[in-house]
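# Working through the structure, step by step
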Amino acid sequence: MAASLLAFCTAMPFSRSFLSEEQLLCSICLDVFDNPVSTPCGHSFCMVCIGHYWDSAKNCQCPLCKQTFKRKPDLHINRTLREITEQFKQMTVKTGACGGVGVGTEVKDGGRIRGSVHGTLKPGHLPGGLLDEIKQKFTKPSPNGNSCQDKTELNQTVTPNNDITDSTLPPFLTRQMSLRRFTLSGAADAIKVPLCPKHHRSLELFCRSDLECICVECGQTEHRSHDFICAEKEWHCNKMKIGIAKTEIQEMTKERMQKVEEIKCSLVDIKMLGDREAQRNMQVFGALVSSIERSLAELLEVMEINRHSAEHKAEVMIGELEQEIAELKRRGSALSKLAQNEDYITGLKGFSYLSTPLSIKDWTGVSLTCELETKAIYASTCQMLEQFKEELQKQPAVCFSVSADKSPMRSHPKVKRIQEYAVDVTLDTNTAHPRLVLSEDRKKVWCCNWHQSVHNNRERFDRVVCVLGREGFTSGRHYWEVEVGDKTDWDLGVASHSCNRKGKITISPSNGYWFLSLRDKNSYAFRTEPSTAIPLSLKPQKIGLFVDYEKGQVSFYNVDAKMHIYTFMDNFSETIYPFFSPCTNKAGKNEAPLVITPVLLN
């Protein structure tokens, strides 16, 4: 049989039925070879293409198998391949030596070559007696030495016009042919396509419905109704997406690095502003007698606290930005590494993981601010010294923030102050513990020493001395203020509608409670599991609470000092209500009420 095949190939010009154009394509220019040369690893390219490729690359390596050569190889034209290529370009079908091939000109139809009506060899046909030789060669003898049955099976796989397709060949022949594809350039041998564990066929398709690679037979059976595409084509599409994702990550990284520099510059300006304000006030108060030294000390203390607060905010913001930058760089590095992977199976799996959106913060409207509040101290000083009133009132309350037009992020309309989201909060008597006493206007609550006679409904707390607000929130932003005075213990925050109100209560966000607590005059904490201690150098007399339902934000503020205390982020899925607990009165030591006060816009 080998002799017959050799005679057939040498006696007749190459027919496009046996030699397709893709076998003679240069993998660089994707055109038919022009002066083909072969690299030491066995792959072939156009002489000009491989020359330009190596001139622009740092190392001389094969574009297909990536084998690196220590020095640039001396390439010579592959004359045999060049003759085959030239013959392919100018080929016309002539009289063959194997029979069945007559004189005629090839006719192109939709990219395929058809033989003329005068006996031209058609695609899928075998010339002359070559089919009989294949039958004899691949006929498997039966156990009793009789091969007639296998010959009959082979005859049944051949169509009446001697057309042979992948579906009509015998199984043992089909499997061998499907595992490997031969090309003159040798490119196909460099890629080992994994096999389907069920059908033992190449995983050439990608099922978009199940996000996995499948074989052709899988596509005709269990994945028949799914959306699938050529796996290699899908991987090339995903490589394009990787490039887009890398570009986006680089832009986001650049923006955040610019924001870090912006915040650092703002911090320097704030420190300089604080120093200038301190020096100016030192000059004003330097002429005063010792009676106003206390006012000066208080002023410097407030300014120092606010400056430290600005430094702390800057450190937190820079820390968060640097974490996001590191995460973005890690994601970009992973994508770069993944883009170099030629194995589309591993590539698709890795890209499915790396294409998930990063949970990063939107820094568009974020800027570093610091308010040096001096008006309150100026007013008290004016009351003591009328002669300095006019001069002191000219001193402004300074507020510095990053200019919006200098920010690399998108500019947004002016952000409202939280006081502008003020709501009228009142207490709900149906939820109050029996020991709690509410004022007539439902704005004050305190704890007495006895249980009052009230109806034990399902909304009422029966063990913890607390009460909810009447107004619930399911969306939007809301702000209210509560005066705590000099109480030794209290709890303030929000609670969900479905929170447990009977018996012993486990206080945590997972159980529907988000609130700040004071214990023993100085121990402030946010109630989590375990509690989050919050050190405060300045004891607040009035607490401001801000809730952003969509963002899941609960924030607490020292109203008088205009300082942020703590912010907790979560997800709200139901109605939430303001939460108040004056705690027990501790034999009169903690009998002062919690008072919901009006919000003043200043």
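Residues numbered from 1 in each chain as written. Predicted model: local features only at pLDDT ≥ 70, side-chain atom pairs only at ≥ 80, totals over all residues. Heavy atoms only, no water.

## Structural notes on the sheet that holds strand E12 (residues 436-438)
The antiparallel open sheet is built from seven strands, whose spatial order is E12-E13-E24-E15-E20-E21-E22. Lying at the two open borders of the sheet, with one neighbouring strand each, are E12 and strand E22 (563-569). Strand-to-strand twist in this sheet, taken as the mean axis angle between neighbours without regard to direction, amounts to 20 degrees. In terms of strand pairing, strand E21 (residues 553-558) meets E22 through six bridges, oriented antiparallel. Paired with Phe556 across the bridge in E22 is Tyr566. (Pairing = 2+ DSSP bridges. Helix = DSSP H or I, 4+ residues; strand = E, 2+ residues; numbered from the N terminus. Axes fitted to C-alpha atoms, helices over the stretch in contact; angles between N-to-C directions.)

## As for the packing of aromatic side chains
All told, the structure shown has 13 aromatic pairs when counted by the stated rule. On the basis of an interplanar angle of 85 degrees and a centroid distance of 6.5 Å, the ring pair of Phe461 and Phe579 is categorised as edge-to-face. On the criterion of sequence distance, the pair formed by Phe461 in the loop between strand E13 (444-447) and strand E14 (467-468) and Phe579 in strand E23 (residues 576-581) is long-range, its members being 118 residues apart. For the ring pair Phe526 and Phe556, a centre distance of 6.1 Å and an interplane angle of 65 degrees mean the geometry is edge-to-face. (Phe/Tyr/Trp six-rings, centres within 6.5 Å; stacked < 30°, edge-to-face > 60°.)

## Topic: the nonpolar core
Most often, soluble globular proteins keep nonpolar side chains buried together rather than apart. Membership of the largest hydrophobic core comes to 36 residues, with the highest contact counts inside it found for Trp480, Trp490, Leu492 and Phe580. Every residue in contact with Leu492, bar those within four places of it in the chain, is listed here: Val482, Val484, Trp514, Phe515, Leu516, Ile543, Leu545, Phe556, Phe579, Phe580 and Leu594. In terms of nonpolar packing, the next biggest core, distinct from the first, is built from 21 residues, Cys213, Cys215, Leu328 and Phe351 among them. (Core = buried A, V, L, I, M, F, W, Y, C linked by side-chain atoms within 4.5 Å. Buried < 20%, exposed > 50% of the residue type's maximum accessible area, 1.4 Å probe, protein only. Contact = heavy atoms within 4.5 Å.)

## Overview of the environment of Leu211
Along the chain, the position of Leu211 falls in the loop between strand E7 (205-207) and strand E8 (212-214). Between the alpha carbons of Leu211 and Phe228 there is a distance of 9.1 Å; along the sequence they are 17 residues apart.

## Re unusual backbone geometry
Residue Pro530 follows Glu529 across a cis peptide bond; omega there is -5 degrees. Looking at the secondary structure, you find Pro530 in the loop between strand E18 (523-526) and strand E19 (532-533). Positive phi is not limited to glycine here, since His200 has a value of about 55 degrees. Tracing the backbone through its elements, the reader meets His200 in the loop between helix H6 (171-179) and E7. The class of His200 is partly exposed, set by a relative accessible area of 43%.

## What to know about the side chain of Ser496
Within the element layout of this structure, Ser496 appears in strand E16 (residues 490-496). Its relative accessible area of 3% is what places Ser496 among the buried residues. Among all residues touching Ser496, those that are not within four sequence positions of it are Arg501, Gly512, Trp514, Glu574, Thr575 and Ile576.

## Considerations on helix H10 (residues 344-354)
Within H10 the residues assigned to the buried category are Tyr344, Ile345, Gly347, Leu348, Phe351 and Leu354. In this structure Asp343 caps H10, since a side-chain oxygen of it lies 3.2 Å from the backbone nitrogen of Ile345. (Polar contact = N/O pair within 3.5 Å; in protein donor to acceptor, adjacent residues only side chain to side chain.)

## Concerning the environment of Phe515
As for its position among the elements, Phe515 is in strand E17 (residues 513-519). Residue classification places Phe515 among the buried residues on the basis of a relative accessible area of 2%. With 12 residues separating them in the primary sequence, Phe515 and Arg527 have C-alpha atoms 6.2 Å apart. Apart from residues lying up to four places away in sequence, Phe515 is in contact with Asp491, Leu492, Gly493, Val494, Ile507, Ala525, Phe526, Arg527, Phe556 and Phe579.

## Side note on the sheet that holds E7
Backbone-to-backbone hydrogen bonds pair the strands of a sheet. The strands run either parallel or antiparallel. One open sheet holds the three strands; their spatial order is E8-E7-E9, and the pairing between them is antiparallel. Each edge of the sheet is formed by a strand with only one pairing partner; in this case those strands are E8 and strand E9 (228-230). For this sheet, the mean angle separating the axes of adjacent strands, direction not counted, is 35 degrees. Two elements, E7 and E9, share three bridges in a ladder whose sense is antiparallel. Residue Phe206 lies in a different strand from E9, and its bridge partner there is Ile229.

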